[in-house]
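Chains, contacts and geometry: an overview
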Protein chains: 2
Amino acid sequence: MDETALAPKETPHPFDSAVELTPSAPGLSIGHTSPAYNNIVGPYGGITAATLLKSVQQHPERLGEPLSLTVNFAGPITEGIFQIAARPVRTNRSTQHWWIELSQEGAVAATATAVFGTRRGTWSSTEITMPAVPAADDVAPLPFPEFIAWSQNYEMRFVAGSIPDSGTGHPDSTTTLWVRDIPARALDYTSLTALCDVFFPRVFLRRGKLVPAGTVSMTTYFHADAAALAKQSDSAVLATARTQRFGNGYFDQAAEVWGSGGELLAVTQQLVYFKD
Amino acid sequence: MDETALAPKETPHPFDSAVELTPSAPGLSIGHTSPAYNNIVGPYGGITAATLLKSVQQHPERLGEPLSLTVNFAGPITEGIFQIAARPVRTNRSTQHWWIELSQEGAVAATATAVFGTRRGTWSSTEITMPAVPAADDVAPLPFPEFIAWSQNYEMRFVAGSIPDSGTGHPDSTTTLWVRDIPARALDYTSLTALCDVFFPRVFLRRGKLVPAGTVSMTTYFHADAAALAKQSDSAVLATARTQRFGNGYFDQAAEVWGSGGELLAVTQQLVYFKD
């Protein structure tokens, strides 16, 4: 008797189920929204960004590792299947440029560009410093309301700028938290991409209330190489974000994601629409 | 006799000549590299970014003002003509998403995405503060070497982190300068886009020497509305930039552009390739 036939079939991590794509034609793949990663309206932006990156990662012509990703949230994504088209528009010796488009029934819901490339040892220097914070285990996790489905997949330990109490505005827009996947999952470029969108809208913090808000565009630069990801494994990362200017219906957000050992893994920025 | 017939024909500003585009077919236009905006190899990235934005601005289907622009520098641009394809991929009530591609003889040399949209009055707050600097007129302009053609079109008054003297590395990567077009020209979204790339590569400053370096991807968020641009007119803007991490052949750059009256006009970031 084959023992492996009796072994329980491993259940995929909810994150891997959510970003799963089935190739359907050259450069095209089919995905499906995952209720586990729903936001208040539509899917969590981070899972959409991660899925767009994945469409390139599993493309047969892909070369190298992710260097940068820009995602534009062009329209609502409704529950069900979607199609992603990924096309290498230019391949050089050390970089490869991609165009990516997510559509549902012919309507574009998200667009993206990505640059992949090879890394090699050079002079290095990190100029900014990781915020001085207590260790992750010394900070209590904060449970989010259950109706924010995607948040149930993350263990979030807020060090500064936690979810505001009703009606009390915060003097600044900085949020810093330790965060990792639930269940624990080793970090890769896909999950790092999703984590770059983990911050609730900065306007909530400043105003002390929920207002309509949604990301318009998001760009991530990946500093982590494969060794840094392996070293990080499934430990919590430290994520910190702030807004530089709010006004005229939009605000920016600048953020950094640090490895538990103090390595800067990614820098990311967003432009966010809001009403107030 | 018609006096206007005798008036000297106004010479266009070199910037306007450089970003000029001639529509050739629906969604397509033809441009030409401008020797006045050449960099050491190929055109100044800022002029390419501005030209890509212009292709949307003059598209008959364009709605609203620029909110964000991401430009990916995919390959060399050689002297001569180029073609730009601009396509609105999704138009919503308040935002419009664009895909833009610059090619020469069928090879893609740059890609971009842009979000245009309408601004409306909301709660506003600028959290960061303009660096404390002397007035522009109190800082001497620094002439760049003539072989850096594009720099001759800008009056640059360095307040911090000027071009390094040979061999002497600087302890940090921050550069702050007052800058405006030569000849003076009223600021618009196109010239603001170009100014967002005005910083020489941060690695030169830290290492105190020139090394091969080139922008891979650049994203700009436009905070300025039409009133802010009008108020700025042709005064110098204050531009400040720094790197967060250098390593593995790439560095990021985060920057802000401030109006002379202290208004944050744009925030911008880059990922830059370097050898060292």
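Reading guide: rules and limits
- Residues numbered from 1 in each chain as written.
- Chains lettered and ligands numbered in written order.
- Predicted model: local features only at pLDDT ≥ 70, side-chain atom pairs only at ≥ 80, totals over all residues.
- Heavy atoms only, no water.
- Patch = residues over 30% accessible without salt bridge, like charges linked within 9 Å, V, L, I, M, F, W, Y side chains within 5 Å.
- Areas by Shrake-Rupley, 256 points an atom, 1.4 Å probe, with all protein chains shown as cover.
- Salt bridge = Lys/Arg side-chain N within 4 Å of Asp/Glu carboxyl O.
- Helix = DSSP H or I, 4+ residues; strand = E, 2+ residues; numbered from the N terminus.
- Buried < 20%, exposed > 50% of the residue type's maximum accessible area, 1.4 Å probe, protein only.
- Phe/Tyr/Trp six-rings, centres within 6.5 Å; stacked < 30°, edge-to-face > 60°.
- Least-squares fit on C-alpha atoms with pLDDT ≥ 70 in both.
- Contact = heavy atoms within 4.5 Å.
- Domains from an automatic or database assignment.
- Buried area = accessible area lost by both parts, 1.4 Å probe.
- Polar contact = N/O pair within 3.5 Å; in protein donor to acceptor, adjacent residues only side chain to side chain.
- Nonpolar A, V, L, I, M, F, W, Y, C, P; charged D, E, K, R; others polar.

Residue and element names in this part refer to chain A. A cluster of nonpolar side chains, Ile40, Val41, Phe147 and Leu210, forms an exposed patch at the surface whose accessible area comes to about 490 Å². Along the chain, the position of leucine 210 falls in the loop between α5 (202–207) and β10 (213–222). Taking the relative accessible area as the measure of exposure, leucine 210 reaches 61% and is therefore exposed.

Residues and elements named next belong to chain A. Taken as a whole, this structure holds 27 aromatic pairs over all chains when the rule is applied. Measuring from ring centre to ring centre gives 6.1 Å for phenylalanine 144 and phenylalanine 158, while their planes differ by 20°; the resulting arrangement is stacked. Linking phenylalanine 144 in the loop between β7 (125–126) and β8 (154–160) with phenylalanine 158 in strand β8, this pair joins segments that are 14 residues apart in sequence. The exposure class of phenylalanine 144 is buried, given its relative accessible area of 10%.

Each copy of the chain is related to the other by a rotation around an axis and a translation along that axis. Once chain B is rotated about the relating axis by 180° and shifted along it by 0.0 Å, it coincides with chain A to within an RMSD of 0.0 Å. In symmetry terms, the pair is related by a two-fold rotation axis. Here 100% of the contact residues of chain B are again contact residues in chain A; the copies associate through an equivalent surface.

For the rest of this paragraph, the subject is the domain arrangement of chain A. Residue and element names in this part refer to chain A. Parsing chain A into structural domains produces domain 1 (16–118) and domain 2 (131–211 + 223–275). The distance between the C-alpha centroids of domain 1 and domain 2 comes to 22 Å. Listed by partner, the interface residues are 19 residues for domain 1 and 16 residues for domain 2. Approximately 1400 Å² of surface area, both sides summed, lies buried where domain 1 meets domain 2, with 58% of it carried by carbon and sulfur atoms. Inspection of the region where domain 1 meets domain 2 yields eleven residue pairs in polar contact (both at pLDDT 80 or more). When residues of the side of domain 1 that touches domain 2 are traced back to their parent elements, those giving at least two are α3 (45–57) and β3 (65–73). Per element, the largest residue contribution to the side of domain 1 that touches domain 2 is seven residues, and it comes from α3. When the residues that make up the side of domain 1 that touches domain 2 are grouped by side-chain class, the tally is eleven nonpolar, five polar and three charged.

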